[in-house]
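# Observations on the model geometry
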Amino acid sequence: MIRYKKMPKKMITVAAVMVLLCGCGISSTPEKKATESAVQTKSDHLVYGEEAVLEEYQDTPGIGAEERKNISWDILFCDSEGKWVNFGYLYQTLENIKTDPVKLVYQDGVWRAEKIKWVKNLEKVQKRKEHLDDAFYEENLHLYDMFYGGDGCLYLCCSRTSMSYEAYKADPERYSEHFYDVNQLLYRVNEKTGEVNEVEVPVVKGAEVYDNSEDCPEDLVLTNSYAVLGNGDFVVRTGNIFAIYDGKTGKKRKDIDCASPGQTGEVFAGEDFICWYELNQETKHVEIHVCDASGSEPYVMDTQEKVEYNKDEGYSNYSFALGVTGNTIIVATSKGIFEAEYGEDELHVVIDTEKDNLYYLGSDSYATEGRVYKGADGRYFLQNYMKNGGKSVSCFYGPMENQKSIKKP
């Protein structure tokens, strides 16, 4: 997402989860879903469908009916093999684990539950760390994002907050100035072996970055955005940092040249390349910047997505999501869905919203933001949200001839 913000008076990690997972592709409490009748669209070679997912409970092998009534799904996305996966109950504090976390994998037309064998290892790694004498450490540790890296591992992005989220949630207005991030943590999970390791990551204090630091608590830190390359090295983008780090030692390898290092947020990586987005201040177009795994050989692709700006509202009225699968860069804008292989300097149209008959993507009432995913089945998944602040709508996009109703749990 393209966001240029003034220094916030608070850093609300779990609220950031809401922005990231609700406004940018996934609901933080994903509902049981069913697919709406597809709207047919045409491209140069294929007829595409836009499937909006609606609320409805579905039968899920391995999960009882009573449990389905109360389960809270955390996130739907793609694993390193392109399978659609969904996790539930990972967003629990260590002191408040009421239900064993569950992972669902979409196979053969249904969602199947898989046992997560690494949760206990994650707890051990988290509990043996710093602040063990702090009674509030465990309940203040929150998961705000997760993704699969180019190395095939699952990464859990956590933060330690200044106070318990449960206490904050009970009275947000009262505690809005007192709830923010005080530390950043990243965990690498090898799902095959169950091994969990903490990755040493940089932490940036807000007072070191923003001009109006008098409004910033001394211990407030900024939320990190991560991407992981095929060799396990990782990229961090936050505040005044945009750099590549050694995946084993956590030491910085190289800074990445960027006009606004941490202001536009997210960063993405394939096996041997890195990409991110910036706003061209002259054209006001969103641009995709790409470099190799060492931060060298950069090039730029213009998305032709224009961003409006006014003094009162800042940057607005744009629609943009970015993603990477394998060696392919994927972009969704108000004009459609596009792809480019790493090394290509222009995007190729997959779906054209002007020529095609999409309802949500490209409409005047909706915009997309954040991440776009592509599964091994050829489908794309992204979130369209109402520009007036209404309810967002998750959608699958794929060739009609390959359509199999993927019902989101």
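Residues numbered from 1 in each chain as written. Predicted model: local features only at pLDDT ≥ 70, side-chain atom pairs only at ≥ 80, totals over all residues. Heavy atoms only, no water.

Note that E305 resides in strand β19 (residues 299-306). By relative accessible area, which is 3% here, E305 ends up buried. Counting along the chain gives 12 residues from E305 to N317, while the straight-line C-alpha distance between them is 10.0 Å. At 2.9 Å, the side chain of E305 and the backbone nitrogen of S319 are in polar contact. (Helix = DSSP H or I, 4+ residues; strand = E, 2+ residues; numbered from the N terminus. Buried < 20%, exposed > 50% of the residue type's maximum accessible area, 1.4 Å probe, protein only. Polar contact = N/O pair within 3.5 Å; in protein donor to acceptor, adjacent residues only side chain to side chain.)

What follows is about the sheet that holds strand β8 (residues 141-148). One open sheet accounts for four strands, arranged β8-β9-β10-β11; its pairing is antiparallel. A strand with exactly one partner marks an edge of an open sheet, and here the two such strands are β8 and β11 (196-199). Neighbour-to-neighbour, the strand axes of the sheet open up by a mean angle of 30°, direction not taken into account. The strands touched by helix α3 (residues 119-127) within the sheet are β8, β9 (154-161), β10 (181-189) and β11, with β11 carrying the most contacts at an inclination of about 35°. (Pairing = 2+ DSSP bridges. Axes fitted to C-alpha atoms, helices over the stretch in contact; angles between N-to-C directions. Contact = heavy atoms within 4.5 Å.)

This part takes up the packing of aromatic side chains. Following the criterion strictly, the structure yields 15 aromatic pairs and no others. One aromatic cluster is present, built from ring pairs that chain together F77, F87, Y148 and Y373. Here the guanidinium or amino end of R379 rests over the ring plane of F396, the centre of that ring lying 5.8 Å away. (Phe/Tyr/Trp six-rings, centres within 6.5 Å; stacked < 30°, edge-to-face > 60°. Lys NZ or Arg CZ within 6 Å of the ring centre and 35° of its normal.)

This part takes up the side chain of N384. Looking at the element boundaries, N384 is found in strand β28 (residues 380-386). Relative accessible area serves as the criterion here: at 0%, N384 is assigned to the buried category. In this structure the side chain of N384 is engaged in a polar contact, spanning 3.0 Å, whose partner is the side chain of Y397. Apart from residues lying up to four places away in sequence, N384 is in contact with Y360, L361, Y366, A367, T368, S392, V393, C395 and Y397.

This paragraph deals with the pattern of salt bridges. Scanning all chains against the criterion turns up 10 salt bridges. A salt bridge links R379 to E51, with the nearest nitrogen and oxygen atoms 2.8 Å apart. Placement of R379 in the loop between β27 (373-374) and β28 and of E51 in strand β3 (residues 47-55) is noted, with a sequence separation of 328 residues between them. Just as R379 is buried, E51 falls in that class too. For the salt bridge of K335 with E305, the shortest nitrogen-to-oxygen distance reads 3.9 Å. Of this pair, K335 sits in the loop between β23 (328-333) and β24 (336-341) while E305 sits in strand β19; the two residues are 30 residues apart in sequence, bridging distant segments of the chain. Among the charged side chains, a network of salt bridges with common partners joins D145, E266 and R371. (Salt bridge = Lys/Arg side-chain N within 4 Å of Asp/Glu carboxyl O.)

Here we take up the pairing of β9. Extensive coverage of β9 is indicated by the burial of eight of its eight residues. Residues L154, L156, C158 and R160 of β9 are buried on one face, and the alternating residues Y155, C157, S159 and T161, pointing to the opposite face, are buried as well. When β8 meets β9, the two strands line up antiparallel, connected through seven bridges. Counted as the bridge partner of M146 is L156 from β9. In textbook terms, the turn of a hairpin is the stretch between consecutive antiparallel strands, and for β8 and β9 this stretch comprises five residues, one of which, G152, has a positive phi near 90°. Across eight bridges, β9 lies against β10 in antiparallel orientation. Following the sheet pairing, C157 is matched in β10 by L186.

Overall, antiparallel pairing links the four strands, which are arranged β12-β13-β14-β15 in an open sheet. Each having just a single partner strand, β12 (225-228) and β15 (252-255) make up the two edges of the open sheet. With direction set aside, neighbouring strand axes in the sheet form an average angle of 25°. Where strand β14 (residues 241-245) lies against β15, three bridges are found, and the strand directions are antiparallel. Of the residues in β15, the one forming a bridge with I244 is K254.

Scored by pLDDT, the protein comes out at a mean of 77, with 72% of its residues at no less than 70. Counting interchain partners and residues more than four positions distant, the pLDDT-below-50 stretch residues 1-43 has 172 contacts. A low-confidence stretch, residues 404-409 stays under pLDDT 50, and its non-local contacts, those more than four residues away or across chains, total 37 contacts. (pLDDT = per-residue confidence, 0-100.)

Attention shifts here to the environment of V199. Here V199 is to be found in strand β11. Sequence separation between V199 and K248 is 49 residues; the distance between their C-alpha atoms is 7.4 Å. Beyond its immediate stretch of four places on either side in the chain, V199 contacts Y155, L186, R188, F234 and G247.

For α3, every residue scored as buried is listed here: V119, L122, E123, V125 and Q126. Along the axis of α3, the buried residues cluster in a sector spanning 165°; they form a single face. Seen from the buried face of α3, the exposed residues on the opposite side, beyond 90 degrees, are K120 and K124. Summarising the contacts, the buried residues of α3 are in contact with β8, β9, β10 and β11. (Arc of directions from axis to C-beta.)

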